[in-house]
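Reading the structure
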Amino acid sequence: VSGQTVVHELGHISRVFKACQLDWGIALPQGIPTTLLRKPRVSNARERRLESHEEALLLETLAGKVYPRSAVIFALETAARQSEVVSLNWADVDLRRRVARLRGVDGRETKSGDQFRDVPLSPRAVEVLASLPRCIDGGRVFPLSQNALRLAWDRALVSARRQHLHRLLAQALEAEGIDSDREIRALIFKKRKPQERTVEILSKLEKKDRTLVDLHFHDLRHEATSRLAEKLQ
């Protein structure tokens, strides 16, 4: 397993021993044994940013999916974490002052350990929030579970990349005088086999073109802060 997995598993074991001490009053004369272990070094820093037209491709794919699409834009405009996005309540949104108060899962402290974090809302963020339906009694801004948002993101990535590759494939096929519509329908509906040349070109495109590959929702946070850094100190 990776070093990160080892660290996570040691963390679980450590919490068991802490529960023994703090919750059940079981004395551990030698202390928590995991503190004596040398944990592996973990290097999981990511530098992935949205490139060229990846944002447009994603938002095009999410058209019609109001909450996932709005959540992606909100994350890009505020650098909010996924857990903070789905936990946002209307009571913590002030569109007049253009400020949102972000909290952690179920309104608890954020991942950084803060009770909350106030973030300014860009004109684009205000526009997105103002377009969403708002219940009389408030409630959550994005009525999605974190897992539902993650699944919507994963499906959008797959769909957007497939559409992108098919567009490139169509251009390549047309340049060679091959009926691109017929070949792409064969790839999508699988009622007949596409030509060998079609499969060959698509295979090359999949290897060469890295659009929307290895892109995580959390990368939107890096993208947002990077965009801000281009304008502010």
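The text that follows walks through the structure, step by step, so that each part is easy to find.

1. Remarks on the packing of helix α6 (residues 146-175) against helix α7 (residues 180-189)
Two elements in contact, α6 and α7, have axes whose closest approach is 9 Å; the angle formed by their N-to-C orientations is 140°. Here α6 lies oblique to α7, going by the angle between them. The chirality of how α6 crosses α7 is right-handed. Of the residues in α7, those in contact with His 166, Leu 169, Ala 170, Leu 173 and Glu 174 of α6 are Ser 180, Glu 183, Ile 184, Leu 187 and Ile 188. Across the contact of α6 with α7, the residue classes break down as six nonpolar, two polar and two charged.

2. As for the sheet that holds strand β1 (residues 93-94)
Taken together, three strands build an open sheet; the order of strands is β1-β2-β3 and the sheet is antiparallel. Each edge of the sheet is formed by a strand with only one pairing partner; in this case those strands are β1 and β3 (117-120). In the sheet, strand β2 (residues 99-102) pairs with β3 via four bridges, with the strands oriented antiparallel. Among the inter-strand pairings, Val 99 is bridged to a residue of β3, identified as Pro 120.

3. Comments concerning the environment of Arg 46
With respect to the helices, strands and loops of the structure, Arg 46 is situated in the loop between α1 (3-22) and α2 (54-61). For Arg 46, a relative accessible area of 30% puts it in the partly exposed group. Sequence spacing of Arg 46 and Ile 178 is 132 residues, and the spatial spacing of their C-alpha atoms is 41 Å. Leave out the neighbours within four places in its chain, and Arg 46 touches Asp 214, Leu 215, His 216, Asp 219 and His 222.

4. Some remarks on the pairing of β2
As defined by bridge partners, β1 adjoins β2 across two bridges and the pair is classed as antiparallel. The residue bridging Val 93 from the neighbouring strand is Ala 100, located in β2. Hairpin connection between β1 and β2: a loop of four residues separates the two successive antiparallel strands, and Arg 98 in this loop has a positive phi of roughly 60°.

5. Digging into the pattern of salt bridges
All told, the structure shown has 18 salt bridges when counted by the stated rule. Of the charged contacts, one joins Glu 55 and Arg 227 as a salt bridge, the two residues approaching to 2.7 Å between their closest N and O atoms. Within this pair, whereas Glu 55 is found in helix α2, its partner Arg 227 is found in helix α9 (residues 219-229), the two being separated by 172 residues in sequence. Here the salt bridges share partners, and the residues they tie into one network are Arg 49, Glu 55, Glu 77, Arg 124, Glu 223, Arg 227 and Glu 230.

6. With respect to the nonpolar core
Membership of the largest hydrophobic core comes to 38 residues, with the highest contact counts inside it found for Phe 74, Leu 129 and Phe 142. Broken down by secondary-structure element, the contributors of at least two residues to this core are α2, α3 (66-78), α4 (82-87), β2, α5 (123-131) and α6. With six residues, α3 is the largest single contributor of residues to this core. Among all residues touching Phe 74, those that are not within four sequence positions of it are Ala 79, Ala 80, Val 85, Leu 88, Ala 100, Leu 102, Leu 121, Leu 129 and Phe 142.

7. Some remarks on the side chain of Asp 92
Looking at the secondary structure, you find Asp 92 in the loop between α4 and β1. Note on Asp 92: relative accessible area 15%, which makes it buried. Excluding its chain neighbours within four sequence positions, the residues that come into contact with Asp 92 are Val 99, Ala 100, Arg 101 and Arg 103.

8. Points about the side chain of Glu 55
Since its relative accessible area comes to 17%, Glu 55 is described here as buried. Setting aside residues no more than four positions away along its own chain, Glu 55 makes contact with Leu 50, Leu 76, Arg 124 and Arg 227.

9. Points about α5
Looking only at α5, the buried set comprises Ala 125, Val 126, Val 128 and Leu 129. Projected down its long axis, α5 carries its buried residues within an arc of 165°, all on one side. Across α5 from its buried face, at more than 90 degrees, point the exposed residues Pro 123, Glu 127, Ala 130 and Ser 131. On its buried face, α5 sits against α3 and β1.

Calculation criteria
Numbering of residues starts from 1 in each chain and follows the order in which that chain's sequence is written. A pLDDT threshold of at least 70 governs which residues receive local features in this predicted model, and a stricter bar of 80 or more applies before side-chain atom pairs are shown or counted, although totals over entire chains, interfaces and linings include all residues. Water and hydrogen atoms play no part in the side-chain values, which are based on all heavy atoms of the structure. In this analysis an axis means a line fitted to C-alpha atoms, helices contributing only their contacting stretch, and an angle means the value between N-to-C directions, from 0 to 180 degrees. Secondary structure elements follow DSSP: runs of H or I no shorter than four residues count as helices, runs of E no shorter than two count as strands, and numbering proceeds from the N terminus. For classification, angles of less than 35 degrees are called roughly parallel, those exceeding 145 degrees roughly antiparallel, those between 65 and 115 degrees roughly perpendicular, and all remaining angles oblique. If you view the pair so one helix is near and one far, a crossing is left-handed when the near helix is turned anticlockwise from the far one by less than a right angle, and right-handed when it is turned clockwise. Any two residues whose heavy atoms approach within 4.5 Å at even a single point are treated as in contact. Throughout, the ten residues Ala, Val, Leu, Ile, Met, Phe, Trp, Tyr, Cys and Pro are labelled nonpolar, Asp, Glu, Lys and Arg are labelled charged, and all others, Gly among them, are labelled polar. When DSSP locates at least two bridges between a pair of strands, those strands are taken to pair. When a residue's accessible area, from a 1.4 Å probe over protein chains only, is under 20% of the maximum for its type it is buried; when over 50% it is exposed; and in between it is partly exposed. Each reported salt bridge corresponds to a side-chain nitrogen of Lys or Arg within 4 Å of a carboxyl oxygen of Asp or Glu. Residues belong to one nonpolar core when they are buried, are Ala, Val, Leu, Ile, Met, Phe, Trp, Tyr or Cys, and are joined through side-chain atoms within 4.5 Å. Relevant arc is that of directions from the helix axis to the C-beta atoms, nothing else.

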